[in-house]
Amino acid sequence: MSLTTEPGRRSWLLRLVIAFSFAQGAVSMARPAVSYRALALGADERAIGVIAGVYALLPLFAAVPLGRRTDHGRCAPLLPVGVVLIAGGCALSGTAGSLAAMAAWSGVMGLGHLSFVIGAQSIVARQSAPAEQDRNFGHFTIGASLGQLVGPIAAGALIGGPDLGATSALALLVAAAVAAVSFTSLWRIEHPRTRTGAAAPAGPRVPVGRILRTRGVPGGIFISLAVLSATDILTAYLPVVGEHRGIAPSVVGLLLSLRAAATIACRLVMTPMLRRLGRATLLATTCLVAGVVCAGIALPVPVWALALMLAVLGFCLGVGQPLSMTTVVQAAPDDARSTALALRLTGNRLGQVAAPAAAGLVAGVAGVAAPFLMLGVLLVGAAGVGVRGGSGGGGSSGRGLSPKPAPSRTGAPPRTPLLKRRRG
């Protein structure tokens, strides 16, 4: 595959995918480990929901300032900062002796993940031509899926036995080491600003309200929120469901990795699916199917049926993240793309704060499987947003949420090229 059109620089996306794989692998290994360690420290379902929500709390306030900084500066420095915070959060969660400390270090881990993702997504947006964005964001998110594939398997292999607290602590320390491996790929990823899609010169900041009112941006944010909330709660609550249904941690790890493998398979075939269905139809269909399947996890089904459900769910959830990135990038003003991506991540983190907290309340009242019914409703709502957003069409796939081509961002009609006007 061609990773960029610039000669001699064709490996930037590959190196970014490798680095993201290790960073996401560490987080995906740490999230279930945090849940198991919290259970060993005496946490109940509500406490698990609070700890999972704190993971997203610091990023909720940091996303937009980081995006503003990145719009008129370099993106690459955010990557090593993110790796340091992820590794530190994992290691300190493994040594924490109280639920409050675990929640705090989980928040540090979440801030590191946010920093890495804002920097990495902004690099992909800047260094990809518009026609390449769906493909390159799809390839970029394969890194996340690879990490989500390997991380839970590694966590499941390490966690278990009579001392759940000690084995989960070991898993968190190993996750810190995995995150540190990302440093080996963080070299010469960001190109000089002669590249396609370079950051705009410093100028007046585009108001956040204007970005959020741009057609295509709110829909992309909501779909991303719904999809990530489903992935996040699945990662945090499947261990709890496993404990209640007598499913071993190693099997839970394999189930989570099966979901990630299906997501990778989805992203490998995303280009032909886009060509056949268009962005809006593909988003709406996959969100609808994911909602129905997610609600089905609440049923007391055997492990083989749960595995089948997670495979279908993983395939459907694989569509939402990369296509919502392209939707937001192509809809946003050119000099506020990183801020728009940061707003998308803010929506993600808002979902990661609210959804686990709501899941904890629902689980405490109606049982540990009830949060999956809540997620089913959320994903069906995202499917409706996808349908409404696609009514006006556009986008790189020919039919989608993105409003381009459209009038200029100032509201003036599109300009006719000067040479064409003179000849006309």
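Preceding this section is the structure that the text describes.
Summarised in this report is the structure supplied together with it. Remember, it's a predicted structure, so these values are computed and weren't measured experimentally.

1. Considering the packing of helix α1 (residues 12–40) against helix α2 (residues 45–54)
If you want to describe how two helices pack, look at the angle between their axes and the distance between the axes.
Part 1 of the argument: Across the interface, α1 lies against α2 with an axial gap of 10 Å and an inter-helix angle of 145°. Considering only the axes of α1 and α2, their crossing is right-handed. Along the contact surface, α1 presents Arg31, Val34, Ser35, Ala38 and Leu39, while α2 presents Ile48, Ile51 and Ala52.
Part 2 of the argument: A breakdown of the residues in the contact of α1 with α2 according to their chemical character gives 6 nonpolar, 1 polar and 1 charged.

2. Description of helix α6 (residues 133–158)
Part 1 of the argument: With 26 residues, α6 should cover 38 Å at 1.5 Å per step; its first-to-last C-alpha distance of 38 Å lies within 8% of that length.
Part 2 of the argument: A positive backbone phi angle near 150° is found at glycine 160, which sits one or two residues after α6.

3. Observations regarding the packing of aromatic side chains
Part 1 of the argument: By the definition in use, this model includes 2 aromatic pairs.
Part 2 of the argument: Ring plane angle 20° and centroid distance 5.7 Å describe the contact between phenylalanine 20 and phenylalanine 116, whose orientation is recorded as stacked. Of this pair, phenylalanine 20 sits in helix α1 while phenylalanine 116 sits in helix α5 (residues 99–127); the two residues are 96 residues apart in sequence, bridging distant segments of the chain. Note on accessibility: phenylalanine 20 and phenylalanine 116 belong to one class, buried.
Part 3 of the argument: Look at phenylalanine 20 and phenylalanine 140: their rings are 4.7 Å apart centre to centre, the planes differ by 10°, and that puts the pair in the stacked class. Within this pair, whereas phenylalanine 20 is found in helix α1, its partner phenylalanine 140 is found in helix α6, the two being separated by 120 residues in sequence.
Part 4 of the argument: Exposure remark for phenylalanine 20: the relative accessible area of 4% places this residue in the buried category.
Part 5 of the argument: A relative accessible area of 0% means that phenylalanine 140 is categorised as buried.

4. Concerning the side chain of serine 115
Part 1 of the argument: Checked against the element boundaries, serine 115 lands in helix α5.
Part 2 of the argument: Other than its neighbours up to four places away in sequence, serine 115 contacts Leu66, Leu78, Gly82 and Leu85.

The rules behind each value
Residues numbered from 1 in each chain as written. Predicted model: local features only at pLDDT ≥ 70, side-chain atom pairs only at ≥ 80, totals over all residues. Heavy atoms only, no water. Axes fitted to C-alpha atoms, helices over the stretch in contact; angles between N-to-C directions. Helix = DSSP H or I, 4+ residues; strand = E, 2+ residues; numbered from the N terminus. Left-handed = near helix turned anticlockwise from the far one by under 90°. Contact = heavy atoms within 4.5 Å. Nonpolar A, V, L, I, M, F, W, Y, C, P; charged D, E, K, R; others polar. Expected span 1.5 Å × (residues − 1). Phe/Tyr/Trp six-rings, centres within 6.5 Å; stacked < 30°, edge-to-face > 60°. Buried < 20%, exposed > 50% of the residue type's maximum accessible area, 1.4 Å probe, protein only.

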